[in-house]
Each structure stands twice: as C-alpha cells, then as structure tokens.
Amino acid sequence: LLTEQALSAHVARMLRDERADHFKSEFFRQWLDLRKLRSLAIDGEMFKAFSLDLKRDVETETLMFVRSIIDENGSITDMLKADHTFINNRLASVYGISGFDSSEFQRVSLKGMPRRGLLTQPSILMLTSYPNRTSPTKRGNWILEAILGDEPPAPPANVPTLEDAQESNPNLTLREYLELHRTNQTCAACHATMEPIGLGLENYNAIGQWRVTDEGLPVNASGELPDGSHFDDPLELLAILMAREDDFARNFTRKLMTFALGRGLEYYDRIAIDDILAQTKPDGYRIVDIATAVVLSRPFRFQRGDPEYLP
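Calculation notes
Residues numbered from 1 in each chain as written. Predicted model: local features only at pLDDT ≥ 70, side-chain atom pairs only at ≥ 80, totals over all residues. Heavy atoms only, no water. Axes fitted to C-alpha atoms, helices over the stretch in contact; angles between N-to-C directions. Helix = DSSP H or I, 4+ residues; strand = E, 2+ residues; numbered from the N terminus. Left-handed = near helix turned anticlockwise from the far one by under 90°. Contact = heavy atoms within 4.5 Å. Nonpolar A, V, L, I, M, F, W, Y, C, P; charged D, E, K, R; others polar. Buried < 20%, exposed > 50% of the residue type's maximum accessible area, 1.4 Å probe, protein only. Lys, Arg positive; Asp, Glu negative; His and termini not counted. Salt bridge = Lys/Arg side-chain N within 4 Å of Asp/Glu carboxyl O. Core = buried A, V, L, I, M, F, W, Y, C linked by side-chain atoms within 4.5 Å. Phe/Tyr/Trp six-rings, centres within 6.5 Å; stacked < 30°, edge-to-face > 60°.

Re the packing of helix α2 (residues 21-32) against helix α12 (residues 245-261)
Then, number 1: For the pair α2 and α12, interaxial distance at closest approach is 11 Å and the crossing angle is 115 degrees. Note on packing geometry: the crossing formed by α2 with α12 is right-handed. Only F248, N251, F252, K255, L256 and F259 of α12 make contact with α2, whose side of the interface consists of F23, E26, F27, F28, Q30 and W31.
Then, number 2: Of the residues in the contact of α2 with α12, the class split is 8 nonpolar, 2 polar and 2 charged.

Dropping the structure here:
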C-alpha cells in the first residue's frame, strides 16, 4: 500500500467488488439528499400514480443508474446526459412506458424521450417539489448547490410567500406568480439565478411525470440564465448545464473528498482538489479516475489518526 501503482490497483479491484455497493449507495444518498425521500410527503389524491412503493422505487432507480455509470467507467457528465435508466412497472407508469408488468427493475433506453440523466429522474424531481405542486425555486436551488456547487445566500426575513401572491392573484400561472414575487428587490437577485433553471424543468410534475399543461394552461419551460444562455425546453437546459462540466467536476470531487475523509474540507485541501481535477480532466473526468485520485491524494493518505489508537 506504499506505492501509487498498488493503491490504484486496489481501488479498481474494490470498486468491482459487490461490497462496494454500500459505498456507491451511501455516497450518492448523502450527496443527492436521497435520504430525504423516506420522509417526503406527496399528495396521493392529486397524484394517483404515487405510493409508498413508488417512493422506494425512485430511490432504487437512481442508485442503480449511478452504479451503472461507475461500473461502465463513465464520466461524471454521463450522470447528466446518459440516455438510459432502470424502471419497473410502477415507474413505467410515471415515465409513460407501456409493456411493463413486473416489479423487477430492467434497464431501458430513453432515446426519443425528453429525459436524460439524474435531473429528469422522479427521485430528484420529487425531492425538489412540494407535496401538491412543483417548485422552480427548490429545483433551481438544488441544481446550483448539488450539481454546480453554487450556494445562494439564505432568504431574507419577512419575505412574502408565494402562497400569499396566489391568494391575491388566483388566475396567474406559476411562472407569473414567481415574476410577481421577484418584484420584491430583496428577493430578485437570488431568484433570478435559481428560478430560470427550475422553470426549465416545469414539464415534469411533482412526481416526475411529463406534462405539457398545468391546470389547463400550457407549460412554458423556456428561459434565460443570468449569463445570457437561452433554452426552450428541458433538454436544451441540460445541454447548458453540461457545458459547465468543470464546475460540476469540482463540486463532485469536493463531495467525494468530504465523504472519503469523514470531515469538512479546509482551505488547505484546495491544492489536492486542484491536482485531482488536473489529473482527471484529460480523460473526461471519469468517476473511477476521480475516486482513485482521491485515494492517492495527500489528505486521504496522511490523515491524522485517533490519539486513542496511536502507539
């Protein structure tokens, strides 16, 4: 274990072992907030396809998906653009795919469908919704934090809620409610960053089903980001996000390093993160390469031991 060659070989061997499924599950549960699914509330009267079994299924789908990316030595960008997933009969009803009668999961192609990668999976779309409706703000905020590593400041106190705007203006669309909400100057700056991203996912309802109307009104999933990038639908939004692969790679590496070290990162860990990104970028930020580089990094190999167990 004293040479980088031997360590790299052991990382590759261990990731191929079925016991690595625990790491793959726990890291992604922590990074993507999948643990929150267990206490998530959804209005079953409004969304007939929802059930407690479906809530477990959407987590299984996401974990099987990310494991497949790792097992195929994929890039982190495959997590955003891959055109396959894993579904059973309950998830088939959410995806609108016919011919599934079994509760067993099968790999399916998403070619020809408005779905790609993690961000259009029901698990993420449920996590970033309210029990009875979508939330462009929550969805945009989640993507900024979990995917791009941008953390908007906490909302100011005494800000009027969206529900207040809805009560005063019952005939507006959700997009129009949000625009009205942004007239408050204390809210405008953060919402201008989060909401266009979230609105780009409005074609997916609170449990992830595709829709073209919402309460009888056409869904408008177009938008423009603060940098001027324009999109007309969810897939165009995903293409814009994938263009920020360096930001995604940095955030992913920071999350993985935090998980590996079992502590928060400090300013002096920046050097190791920079080195890992420089090493793995030429081959497209492959997940296995990033994991290997984390193990070879100085923070991981030279952790301070617990004094109770030192000789």
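On we go.
Looking at the side chain of E61
Then, number 1: Mapped onto the fold, E61 is located in helix α3 (residues 52-71).
Then, number 2: We note that E61 is buried and unpaired, the nearest opposite charge coming from R115 at a distance of 7.2 Å.
Then, number 3: Not counting the four nearest positions on each side in its chain, E61 is found in contact with T85, F86, I87, L91, Y95, F105, Q121 and P122.

Brief notes about the nonpolar core
Then, number 1: One finds F28, W31, I76, M79, I147 and F252 to be the most contacted residues of the largest nonpolar core, which totals 78 residues.
Then, number 2: Other than its neighbours up to four places away in sequence, F252 contacts F27, F28, W31, I76, M79, I287 and I290.

Quick notes on the packing of aromatic side chains
Then, number 1: Applying the stated criterion to the full structure yields 11 aromatic pairs.
Then, number 2: Ring centres of F23 and F259 lie 5.9 Å apart, and the angle between their planes is 55 degrees; this geometry places the pair in the tilted category. Of this pair, F23 sits in helix α2 while F259 sits in helix α12, and the two are 236 residues apart along the sequence.
Then, number 3: Look at F23 and you get partly exposed, because its relative accessible area is 24%.
Then, number 4: Considering the side-chain rings of F27 and F252, the 5.7 Å spacing of their centres and the 85 degrees angle between planes classify their relative orientation as edge-to-face. With F27 in helix α2 and F252 in helix α12, this residue pair connects regions lying 225 residues apart in the sequence. We note that F27, like F252, is buried.

Purely geometric numbers; function is a separate question.
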